Every structure is written in C-alpha cells, then in structure tokens.
Amino acid sequence: MTASLSTLEIARLTRQIDLPEIGLAGQQQLKNATVAISRVGGVGGTVAAALARAGIGHLIIVHGGKVDAQYLNRWQLATAADQDQVTVDVFGKHLRQINPTMQITSYHENISPARAPILLASADVIVDGAPLFEERYAINAAAIAQRTPLVSGAMYGHEGYVTTIIAGQTPCLACLYPHKPDYWVDHQVFPVLGACPGMIGSLMAMEVIKLIVGFGQLLTRRLWHMNLLTYDMNLLTVERNRHCTVCATVEEIP
Amino acid sequence: MINIYLPYRLGQQIEHHDPIAVSATTIKTALQQLLRQYPQLDSSIWVDARTQQLTGYTQLFVNQQQVTDLDAQLQAGDQLHLVQAMAGG
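Since the structure is predicted, the reported quantities are computational estimates derived from the model, not experimental observations. (Residues numbered from 1 in each chain as written. Chains lettered and ligands numbered in written order. Predicted model: local features only at pLDDT ≥ 70, side-chain atom pairs only at ≥ 80, totals over all residues. Heavy atoms only, no water.)

Quick notes on the nonpolar core
Alright, step 1. Ranked by internal contacts, the top residues of the largest apolar core, which has 92 residues, are Val-35, Ile-37, Leu-51, Leu-59 and Leu-95 of chain A.
Alright, step 2. It is helix H8 (residues 195-213) of chain A that provides the largest number of residues to this core, a total of nine residues.
Alright, step 3. Excluding residues that lie within four positions of it along the chain, Val-35 of chain A makes contacts with Leu-51, Ile-56, His-58, Leu-59, Ile-60, Val-125, Val-127, Val-208 and Ile-212 of chain A.
Alright, step 4. Of all hydrophobic cores here, the second largest spans 24 residues; its members include Leu-10, Tyr-38, Ile-45 and Trp-46 of chain B. (Core = buried A, V, L, I, M, F, W, Y, C linked by side-chain atoms within 4.5 Å. Buried < 20%, exposed > 50% of the residue type's maximum accessible area, 1.4 Å probe, protein only. Helix = DSSP H or I, 4+ residues; strand = E, 2+ residues; numbered from the N terminus. Contact = heavy atoms within 4.5 Å.)

Some details on the interface of chain B and chain A
As a measure of interface size, the accessible area lost when the parts come together is often cited.
Alright, step 1. Facing the 22 residues of chain B at the interface are 43 residues of chain A.
Alright, step 2. Surface buried jointly by chain B and chain A totals about 2700 Å² across both partners, of which 58% is contributed by carbon and sulfur atoms.
Alright, step 3. Considering only the surface of chain B that becomes buried against chain A, Tyr-8, Met-86 and Gly-89 of chain B emerge as the three largest contributors, covering 28% of it.
Alright, step 4. The interface formed by chain B and chain A includes zero salt bridges.
Alright, step 5. Inspection of the chain B/chain A interface yields 16 residue pairs in polar contact (both at pLDDT 80 or more).
Alright, step 6. Secondary-structure elements contributing two or more residues to the side of chain B that touches chain A are helix H1 (8-14), strand E5 (58-62), strand E6 (65-67) and strand E7 (79-84) of chain B.
Alright, step 7. Class assignment for the residues of the side of chain B that touches chain A results in nine nonpolar, twelve polar and one charged. (Buried area = accessible area lost by both parts, 1.4 Å probe. Salt bridge = Lys/Arg side-chain N within 4 Å of Asp/Glu carboxyl O. Polar contact = N/O pair within 3.5 Å; in protein donor to acceptor, adjacent residues only side chain to side chain. Nonpolar A, V, L, I, M, F, W, Y, C, P; charged D, E, K, R; others polar.)

So, the side chain of Thr-55 of chain B
Alright, step 1. Looking at the secondary structure, you find Thr-55 of chain B in the loop between strand E4 (53-54) and E5.
Alright, step 2. Excluding residues that lie within four positions of it along the chain, Thr-55 of chain B makes contacts with Ser-43, Ser-44, Ile-45, Trp-46, Val-47 and Gln-84 of chain B.

Structural notes on the pairing of E7 of chain B
Residues and elements named next belong to chain B.
Alright, step 1. With five of six residues buried, E7 lies mostly within the body of the structure.
Alright, step 2. The sheet contact formed by E5 and E7 spans five bridges and is antiparallel. Following the sheet pairing, Leu-60 is matched in E7 by Leu-82. (Pairing = 2+ DSSP bridges.)

Concerning the state of the cysteines
Residue and element names in this part refer to chain A.
Alright, step 1. Taken as a whole and assessed by the stated rule, the structure comprises zero disulfides over all chains.
Alright, step 2. Unpaired in this structure, Cys-172 has its nearest cysteine sulfur neighbour in Cys-244, at a distance of 3.6 Å.
Alright, step 3. You can call Cys-172 buried: its relative accessible area is 0%.
Alright, step 4. Of all cysteine sulfurs, the one in Cys-175 lies closest to Cys-247, which takes part in no disulfide; the gap is 3.3 Å. (Disulfide = S-S within 2.5 Å.)

A closer look at the environment of Asp-84 of chain A
Alright, step 1. With respect to the helices and strands, Asp-84 of chain A occurs in the loop between strand E2 (58-62) and helix H4 (87-98).
Alright, step 2. Every residue in contact with Asp-84 of chain A, bar those within four places of it in the chain, is listed here: Lys-66 and Val-67 of chain A.

Below, the structure is given as structure tokens:
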C-alpha cells in the first residue's frame, strides 16, 4: 500500500527532502518502508527514534520486559517517569510523539528462533540491537532465510561496530563470529555509557535509510569499528566463510 | 615493529588501551609475543593454547583487511586489529 506524503509531513521533513540523495521520491520510499527492530534499547532505541524522525512509514518493534532504572542511562525512548511500565508501550508513546503518522506494530517479547521468522517476515529491513547472542543468531538466521537486509550493530564499553548483512553478498553474523564469547551469559555483562550505543545506533539508522532509498556506500562486506576511548576508528573488510553453518549454501551474488 | 590493537575488554584486563608493539614476522608469532607479555589474555584469544586455535568470537585484521591464516606474513609497520564479538545494546 502506498500513502502519499501529507502537506504536514512534507513541512516536517523539508530539510532532508532538500538533500539531493533523498528528495521527494526518496522520502516517499521511506514512508512506504517497513523496518523491524529487535530490542529497542540503547542501540535499537536510537535507531527507532532516528527513523521515526526521518519519516519511516512503519516500524515493527520487538522487546520484552518492563523499563528498569538501570536502562535509563542509554535508552532514548524511556524516561524516569516510565519505570516499571511495559517497554513497547513506552517506546510506542515516545515514538508517536516524534512521528504521529508512523504506523507502529509492537511485540512484547524478545526474539527466539521459533518466532523470528514470523515477527520479521514483513520487514523490508531488519535492525538488530539485541543484548544476547542467542537472539542475534536467531535474527541473523531469519534474515538470511528470508533474504532481508539486516543492519547489525553492537557495543561493549567504549567499543562498537556496525555491518550490513545481505544473503549471498556479505558475510553473516555466523560467518564472522561462529561462537559467542563464554562470558556473555546475560544482558547485564556489558558496561555502557549512553553516548556509545547512541553513536552505533545513529550510524545504523543512516545505513537503514541508505538501504531503503538506495544512495551512497553501504557497510556491505565492511565492518565499521570504533573505540571511543582511543578514537581508533576503522573500516574493516570482511568476507564470507564458505564453511558457515547459516549461509554457506546461499549462492554468491556479485 | 607490529602494532597490535586490542578490544576494549582485553585492554581493561591488562589495564593498557594503547597499541602494543611487538617484533614478529607472522600473525601467529605476533600473537605469541603479545601473550608472552600478557599471559592473562591467553584464554580470550586461543581456544586451546597448545593447538593455538583462535576463539570463535575473534576476528583478525591486518591493515584493515580480514585475515584468517595465522601464518600470513607481516611487514614492519603493519597494524593488527583483534575485534571480538559483542552484543551490547
């Protein structure tokens, strides 16, 4: 279904419509797009907020639990007043304040191998901001199986990275990291200052917009890596693993 | 000399976040030099120190290019990055 941009939307988005890479046609593509975001915390919440401001038409947000005080140092879409509230209700409230015309579909659960193909099926682009490798591997497998581009970003402390995964074109998460670190036993193992996931999430939002509209260079076959402690920044080339248990059988797309 | 860039978490473990200079001609010997200085990193890099097989959550990059062959040659001035899997959000 295609809905035209309203006069109010054009007024709100005029400064980015001025960009020759976007224009009215690109803005219409953003309005027509559906983006699924798994976990909408420090990384995923930054992506969601940026995409809402950018005029994405439909967000699917997937996140279980309630808002806890320890999340408030980094979650863009929650405030102290939201503590103990259902996460997706809070995110929906703040997202609608940013963009009242955006469609939001909420799932109050964390993703699993069984549910990932169902929850992510209608997405044009998938965004992974999950704090557990089990969820990340489930999202990766679903994205490869349904051939949907996946923008993946993660951090630990002052370090983080972003890459875009496209079946047959790029390495997938299991190509790069076939095993999770032993120490990553729950979602509380990583220390975090809000600016770091904010930076990772902002870059991921840019990548989603470029994927949908189709401009600029993408982080395909590249891992953008940063260490904010030292300001060591790198654009690292990455390759498919022909022994990958998830994507090795997917035919190479030049 | 080869400059080795460690993940933030490993830098925390050895309380040293700047690049570590080692003298080596291959990736394997560079890692061996690193672990001679900082043996506490051993289990974060090798699955098994005897077989010297990398952990499945570690990727290596020489001058920003992914490298999987630990016997790959290094030149003086090369940069070796270790980037480990993260899931923080």
